Amino acid sequence: MLRIARAIFTVGFMFLYSSTFDLAVAEDSQGSTLRQLNSLQSGRQWDSVGRLYRQEAAFCTGALIAPDLVLTAAHCLFNRRTNTQIDASSIEFQAGWRNGRASAYRQVKHAVVHPAYVFDGIVSAERVRYDLALLQLQRPIRTPSLTAFATGRRILKGADVTVVSYAYDRKDAPSLQDACTVLSRQGGALVLSCEVDYGSSGAPVFAMNNGIPEIVSVISASARSKSKDVSLGVPVSDALPMLQAALASQSKGGVRLPSGVGRVQVGQPRGQTGAKFIRN
């Protein structure tokens, strides 16, 4: 049995959620130890990963996939207490934050979430699979040292992956966990051996392609399988083109969105669609 242990917000957004469902996970699967990237030299390759910062608190992780686009988890855009979307323009992306400084700072301009994502409802891997959002920055980041990450292919069970994230107990520098493993796919979500905690929501999951890291998933939640800590990730290969099209339409204002995609009106309750929103 897999137990979804908690969503992974930090200060101001922290809460716990628990649910169970069947899952087969290899007993001997273990992730590698977290390594904090405290120095510029150790973290340079990962400086396009950053903190999402709001109201004097870092609360999620995001990653640059274009000079003006940040990929993160959809639940990072919602207030758990009110079940409403937060104002995206109140979020600051702090690229490569380390020891009190970022390599670049940008406010968010627009945001879209996966149209099938729900914020309030029964937690399950089927809901986690849609926990994906795309943020557009007010200005592109053109810093030469900050290269946007490519997004990769569909990832398979047994593949080695790497996670770079911030968390409440290591929020002043990113941490890297390399060679953790895709343990399973459940309802379209990835079950990973990677270690995550509050603040790791939205963290990019990388697979290496000829030595180059490509984002294949985004961290959604932590979980328990039997006595083991695992994490749940959202595959990005299928959903990302749809989110990019929706964001482009929103940016133009009033342009018809692709079929099946809804515009996110940040700071306002979502319209009644018959769906419930996952507490993540």
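Residues numbered from 1 in each chain as written. Predicted model: local features only at pLDDT ≥ 70, side-chain atom pairs only at ≥ 80, totals over all residues. Heavy atoms only, no water.

**Considerations on unusual backbone geometry**
The backbone phi angle of N83 is positive, close to 60 degrees, even though this residue is not glycine. Its location among the elements puts N83 in the loop between β7 (78-79) and β8 (84-85). The residue N99 is not glycine, and still its phi comes out positive at about 55 degrees. By secondary structure assignment, the location of N99 is in the loop between β9 (92-95) and β10 (104-113). (Helix = DSSP H or I, 4+ residues; strand = E, 2+ residues; numbered from the N terminus.)

**Remarks on the state of the cysteines**
Counted by the stated rule, this structure contains two disulfides. Paired through a disulfide, C60 and C76 show a sulfur-sulfur distance of 2.1 Å. What sets the handedness of the C60 and C76 disulfide is the S-S torsion sign, and at about -90 degrees it is left-handed. Here the residue C60 occupies a position in strand β5 (residues 57-66), and C76 occupies one in the loop between β6 (69-72) and β7, the gap between them amounting to 16 residues. When sorted by exposure, C60 lands in the same class as C76, which is buried. When the bonded cysteines of the chain are numbered from the N-terminus onward, they pair as 1-2, 3-4. (Disulfide = S-S within 2.5 Å. Buried < 20%, exposed > 50% of the residue type's maximum accessible area, 1.4 Å probe, protein only.)

**With respect to the sheet that holds β5**
Pairing within the closed barrel is antiparallel, and its six strands lie in the order β4-β5-β6-β11-β10-β9. Here the strands of the sheet are splayed against their neighbours by 45 degrees on average, with no regard to which way each runs. The pairing of strand β4 (residues 49-54) with β9 spans four bridges and is antiparallel. Note on β9: the bridge partner recorded for R51 is Q94. The sheet strands contacting helix α3 (residues 240-252) are β5, β6, β10 and β11 (133-137), and the helix crosses β10 at an angle near 100 degrees. (Pairing = 2+ DSSP bridges. Axes fitted to C-alpha atoms, helices over the stretch in contact; angles between N-to-C directions. Contact = heavy atoms within 4.5 Å.)

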